[in-house]
Amino acid sequence: MTGRPMMNCRIYTLGELGMAERDTLDSLTVTAFGTDSVLVNNQQEVRDVTLPLRYTADSTVLVLRYSRHTADTLTVRHVNTPYFLSMDCGYQVQQRLGSVDHTRHRLDSIHISDNEVGIYGSENLQLFY
């Protein structure tokens, strides 16, 4: 296993029949709360976003900024489980999503579709706008 596990989020809206439909955000900047770390810098036409989770804590707080004046905050609670990979590689961390809280300025709801965060790009969160 190589690479860092990343949380994969896809953008959705509810269609007329109440079914989830893929959607696109015009612009998105993502930062780690309380830091100057920019994880996504003014990405345009966003259909999905891949984000890291903290190894050193059991929660990660992310700020999703849509414009200069509009943002939502995501609080992701997760379990970090270190495991020994090999003598050459040392330890790796498996991450499992527990729960997600968020503000509702533009973001309507969140569905956890796969709580195992991995390196293979499977969808973890569905973000509904």
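Whatever comes next refers back to the structure up there.
Quick look at the structure, then. Predicted, not measured: the structure shown is a model, and the values here were computed from it.

**Some points on the overall build of the chain**
Of the regular secondary structure elements, the chain holds zero helices and 11 strands. Secondary structure elements of the chain, listed N to C terminal, follow the sequence β-β-β-β-β-β-β-β-β-β-β. Here the chain has a C-alpha radius of gyration of 15 Å; the compact-globule value for 129 residues is 14 Å, and the two agree. With respect to the three principal axes, the spread of C-alpha positions in the chain is 50 × 35 × 25 Å. Taken across its 129 residues, the chain has 38% of its residues classed as buried. Put simply, of all contacts in the chain between residues at least 6 apart along the chain, 45% involve residues at least 24 apart. When the accessible area of the chain is evaluated, it comes to approximately 7700 Å², of which 48% is carbon and sulfur surface.

**Considering the packing of aromatic side chains**
For the structure shown, the criterion picks out three aromatic pairs. Between the aromatic rings of Tyr66 and Tyr129, the centroid separation amounts to 5.6 Å while the plane-to-plane angle is 85°, which identifies the pairing as edge-to-face. Highlighted residues: Tyr66 in the loop between β6 (59–65) and β7 (71–86) and Tyr129 in the segment after β11 (125–128), separated in sequence by 63 residues. Since its relative accessible area comes to 18%, Tyr129 is described here as buried. If you follow Arg22 out to its NZ or CZ, it ends over the ring of Tyr12, 5.6 Å from the centre. Between the NZ or CZ atom of Arg106 and the centre of the ring of Tyr66, over which it lies, the distance is 4.8 Å.

**Description of the nonpolar core**
Of all hydrophobic cores here, the largest spans 23 residues; its most connected members are Met7, Leu28, Leu51 and Tyr129. Every element with two or more residues in this core is listed here: β1 (7–14), β3 (25–32), β4 (38–46), β5 (48–51), β6, β7, β8 (90–102) and β11. When neighbours within four sequence positions are excluded, Tyr129 is seen to be in contact with Ile11, Tyr12, Thr13, Leu25, Leu64, Tyr66, Arg106, Leu107 and Asp108.

Analysis parameters
Residues numbered from 1 in each chain as written. Predicted model: local features only at pLDDT ≥ 70, side-chain atom pairs only at ≥ 80, totals over all residues. Heavy atoms only, no water. Helix = DSSP H or I, 4+ residues; strand = E, 2+ residues; numbered from the N terminus. Rg over C-alpha atoms; globule rule 2.2 N^0.38 Å. Buried < 20%, exposed > 50% of the residue type's maximum accessible area, 1.4 Å probe, protein only. Contact = heavy atoms within 4.5 Å. Areas by Shrake-Rupley, 256 points an atom, 1.4 Å probe, with all protein chains shown as cover. Phe/Tyr/Trp six-rings, centres within 6.5 Å; stacked < 30°, edge-to-face > 60°. Lys NZ or Arg CZ within 6 Å of the ring centre and 35° of its normal. Core = buried A, V, L, I, M, F, W, Y, C linked by side-chain atoms within 4.5 Å.

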